[in-house]
Amino acid sequence: MKGIDDCRVCGKKAFLVGEKTGRFRPRPFRVYHCPSCRFTFVGDPEPDLGALYDEAYYRGQGADPLVRYLDELERPETTVRRYEWAGLLRIARALTGRASGLRWLDYGCGAGGLVRAARAAEHDALGWETGWIRARAAEKGVPMLDEAGLEAARGSFDLVTAVEVVEHLPDPAAELARMAALLKPGGTLFCTTQNARPRRADLLSWSYLVPEVHVSFFEPDTLALAFEKAGLRAERPGRLDGLEDVLRFKILKNLRVAEAGGFERLLPWGPLTRLVDRVYRFQDMPVGRKK
């Protein structure tokens, strides 16, 4: 049984950084940082995840107002997230050397947009999701594994993606081990999450630290250690082809731009995303390869 100040990655004692009051749940949440592995986490997260990831959350009316999952599900051709899907398809090719034919699981797939994009590119892609949006995505034809199907699929995937998932996990080490078990030998786990290293000195003011829903924060070395503990070999691929489009989506999302087109097409995305990455260091984050 982990104590409130036990690191969720290495198990050592973490120190209390301070408290951050939630916006959706207006109570103080205790934030801890592990000096051994540099993992940062909310020690007293919300216990009822079902109440957090409800219909309001997926409509952008819950703890994260930047979420637009229902819009993405209903209008995938116009959402700015299509840039992220296109970028992730190119990243998958860069990591695996294959433009099609991958057996691919998107773990925590939300509305399933990446699954649909991957299937359109002739990958054998499936989703896994437990939130309210799962049933709506399945109605739209997104193929979803249930719990039994996930267990039966162990050791069968070339690629598992977890796009902005690990920061939501109260016990990320256990979930990463579960993702790793789904991979074939030599398979790849690719996670996207913000790099906590540039914010080490001012964690409590970091806008990404939304304590109701974002509870686990990784530096590159921390994520590499978590991969190793999960039975994966951590690799540092650097700036992958496709990262520009992933960052383009992130910038537009944070500017609250919902639809692609218009003024945003005129922006110099290459130089702009390189500048953003020099500050936030997304390219420093590792990937995991099944040993």
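Structural notes, computed from the coordinates. For clarity, every value in this text was computed on a predicted model and none was experimentally measured.

The next thing to look at is the pattern of salt bridges. For the coordinates displayed, the defined rule picks out 30 salt bridges. In this structure, aspartate 124 engages arginine 103 in a salt bridge whose closest nitrogen and oxygen atoms are separated by 3.2 Å. Separated by 21 residues along the polypeptide, aspartate 124 in strand 5 (residues 124-128) and arginine 103 in strand 4 (residues 103-107) bring together distant segments of the chain. Overall, the relative accessible area of 36% leaves aspartate 124 in the partly exposed class. Among the residues examined, arginine 103 registers a relative accessible area of 23% and is labelled partly exposed. Its salt-bridge partner being aspartate 202, residue arginine 199 comes within 2.9 Å of it at the nearest N-O pair. By relative accessible area, which is 18% here, arginine 199 ends up buried. The exposure class of aspartate 202 is partly exposed, given its relative accessible area of 31%. Three or more residues joined by partner-sharing salt bridges are found here, namely Arg25, Arg27, Arg30, Asp44 and Glu46.

What follows concerns the sheet that holds strand 1 (residues 15-21). Two pairing modes exist for strands in a sheet, parallel and antiparallel, and in both the strands are linked by backbone hydrogen bonds. On the basis of which strands lie adjacent, the open sheet formed by four strands has the order 1-2-3-8 and antiparallel pairing. A single partner strand is all that each edge strand has here, and the edge strands are strand 1 and strand 8 (216-217). Relative to strand 3 (residues 40-42), strand 2 (residues 28-33) is paired through three bridges, and the arrangement is antiparallel. The residue of strand 3 that forms the bridge with histidine 33 is threonine 40.

The volume enclosed by the second largest pocket comes to roughly 190 Å³. Forming the walls of the second largest pocket are 17 residues, and the residues nearest its centre are Arg68, Thr79, Val80, Val257 and Ala258. Of all the secondary-structure elements, those providing two or more residues to the lining of the second largest pocket are helix 3 (69-74) and helix 10 (243-254). Residues belonging to the lining of the second largest pocket are distributed by class as follows: seven nonpolar, two polar and eight charged.

Pairing within the open sheet is mixed, and its six strands lie in the order 5-4-6-7-10-9. The open sheet is flanked by strand 5 and strand 9 (232-235), the only strands paired with a single partner. When strand polarity is set aside, the average angle formed by the axes of neighbouring strands in this sheet is 20°. Pairing between strand 9 and strand 10 (residues 287-290): four bridges, direction antiparallel. Paired with glutamate 235 across the bridge in strand 10 is valine 287. Strands in contact with helix 4 (residues 81-96) are strand 4, strand 6 (157-163), strand 7 (183-192) and strand 10; relative to strand 7, the strand with the most contacts, it is inclined by about 145°.

Moving on, we come to the packing of helix 4 against helix 5 (residues 113-120). The angle between the axes and the distance between the axes are what describe a pair of packed helices. Close contact between helix 4 and helix 5 brings their axes to 10 Å; oriented N to C, the two are set at 55°. In this view, helix 4 runs oblique relative to helix 5, as classed from their interaxial angle. The handedness of the crossing between helix 4 and helix 5 comes out as right-handed. Between helix 4 and helix 5, the contacting residues are Trp85, Leu88 and Leu89 on the first element and Gly113, Leu114, Ala117 and Ala118 on the second. In the contact of helix 4 with helix 5, the residues fall into six nonpolar, one polar and no charged.

About the thresholds
Here the residue numbers are simple positions, counted from 1 along each chain's written sequence. Note on the predicted model: pLDDT of at least 70 is required for a residue's local features to be given, and 80 or more for side-chain atom pairs to be given and counted; whole-chain, interface and lining totals, by contrast, use all residues. With hydrogens and water stripped out, all remaining heavy atoms of the structure feed into the side-chain values. Counted as salt bridges are all cases of a side-chain nitrogen of Lys or Arg within 4 Å of a carboxyl oxygen of Asp or Glu. Per the convention used, a helix needs a DSSP run of H or I reaching at least four residues, while a strand needs a run of E reaching at least two, with both numbered from the N terminus. Under the scheme applied here, a residue whose accessible area is under 20% of the maximum for its type counts as buried, over 50% as exposed, and between as partly exposed, the area being computed with a 1.4 Å probe on protein chains only. The rule for pairing is simple: two strands pair if DSSP sees at least two bridges between them. For each structure, a 1 Å grid was placed over the protein atoms alone; sets of points admitting a 1.4 Å probe that cannot get out are labelled cavities, open sets with protein on both sides within 12 Å along at least five of seven lines are labelled pockets, and lining residues have an atom within 4 Å of a point. Grid points are joined across faces, edges and corners, and a volume is the space filled by probe spheres set on the points. As a working rule, the residues Ala, Val, Leu, Ile, Met, Phe, Trp, Tyr, Cys and Pro are called nonpolar, Asp, Glu, Lys and Arg charged, and the rest polar, with Gly in that last group. To define axes, lines are fitted to C-alpha atoms, for helices over the stretch in contact only, and angles between the resulting N-to-C directions are given on a 0 to 180 degree scale. Any two residues whose heavy atoms approach within 4.5 Å at even a single point are treated as in contact. These descriptions rest on fixed angle ranges, namely under 35 degrees for roughly parallel, over 145 for roughly antiparallel, 65 to 115 for roughly perpendicular, and the rest for oblique. Handedness of a crossing is defined here by the sense of rotation of the near helix relative to the far one, left-handed for an anticlockwise turn of less than a right angle and right-handed for a clockwise turn.

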